[in-house]
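Overview (structure and organization)
What follows is the residue order along each chain.
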Amino acid sequence: RHDVARDLLATFSSVFSAEAVQKGLSLLAGKLNEKIASPCITLVDDPLLKNGGASASFDDEGVATHTKNVIEEGKLMTFLHNLKTAKKDGVEPTGNASRASFKSPVGISPSNFFIQPGTMSYDALVETLDNGIIIIDVQGLHSGANPVSGDFSLGAYGYLVENGVIVRPLEQITVAGNVFTVLDEVEAIGADLEFGSPGSGGHVGSPSLLIRQLSVAGN
């Protein structure tokens, strides 16, 4: 569901930071202009989004911001840069410099960061799922997710779906996988884009995602 997809994206958003790439803390190093996700996926960083919780004309280094597709139809198009990382890579800064206060070192964070929504309603996604599970909540994101490797193993709650109809709730299950594999396994995207609360990691949003397969244990 959109809220779980949003929380996963927020947890792993640091892999798109050029600073993480340059420090060897992201598996996306060397993958610019390569396919890293399903063709359904376009991941947008939009600091100019109207009424966005992290909208700003300039970043914390005074660099003008602009809208960019970090992933476009599955292909990695850019990392998020501040002045230092951009100079090191010989590229233009992307306007993603951030700092918690004037005393803090300059880091990198996304702005309004979201997976571009599709056209299918949530109900249509459930019908298309046919037989499967809807994940409606996950627990342990801080301890059960590794932003460097992309791996996660999380306690979860959800619903069992049979023939496109929700038949019963599921409790005390575990979902496990890798965020890059999840992005590659997306078959359809809902129209129900929803943002969380703005924070130091940006203002992150996602619609509901129909994923081909994911490891689930429990009953």
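Before going into details, it helps to say that this report is about the structure given with it. (Residues numbered from 1 in each chain as written. Predicted model: local features only at pLDDT ≥ 70, side-chain atom pairs only at ≥ 80, totals over all residues. Heavy atoms only, no water.)

What follows is about the environment of Ile133. Tracing the backbone shows Ile133 in strand β7 (residues 132–139). Remark: the alpha-carbon pair of Ile133 and Lys50, spanning 83 residues in sequence, is separated by 34 Å. Among all residues touching Ile133, those that are not within four sequence positions of it are Tyr159, Leu160, Leu170 and Val216. (Helix = DSSP H or I, 4+ residues; strand = E, 2+ residues; numbered from the N terminus. Contact = heavy atoms within 4.5 Å.)

The next thing to look at is the environment of Ser215. Along the chain, Ser215 falls in strand β14 (residues 215–217). With a relative accessible area of 46%, Ser215 lands in the partly exposed category. (Buried < 20%, exposed > 50% of the residue type's maximum accessible area, 1.4 Å probe, protein only.)

Another point: the pattern of salt bridges. Pairing between side chains of opposite charge can happen when the charged atoms of each approach one another. Applying the stated criterion to the full structure yields eight salt bridges. Residues Glu19 and Lys23 are paired through a salt bridge, measuring 3.6 Å at the closest nitrogen-oxygen approach. Take Lys23: its relative accessible area is 59%, and that puts it in the exposed class. Arg212 is the partner of Glu187 in a salt bridge, and the nearest nitrogen-oxygen pair spans 3.0 Å. Taken together, the residues Glu187 in strand β10 (residues 186–189) and Arg212 in the loop between β13 (209–211) and β14 connect sequence positions 25 residues apart. (Salt bridge = Lys/Arg side-chain N within 4 Å of Asp/Glu carboxyl O.)

This part takes up the environment of Glu162. The residue Glu162 is located in strand β8 (residues 151–162) in this model. With relative accessibility at 39%, the residue Glu162 sits in the partly exposed group. Glu162 has contacts with Asp130, Asn131 and Val167, leaving out every residue within four places of it along the chain.

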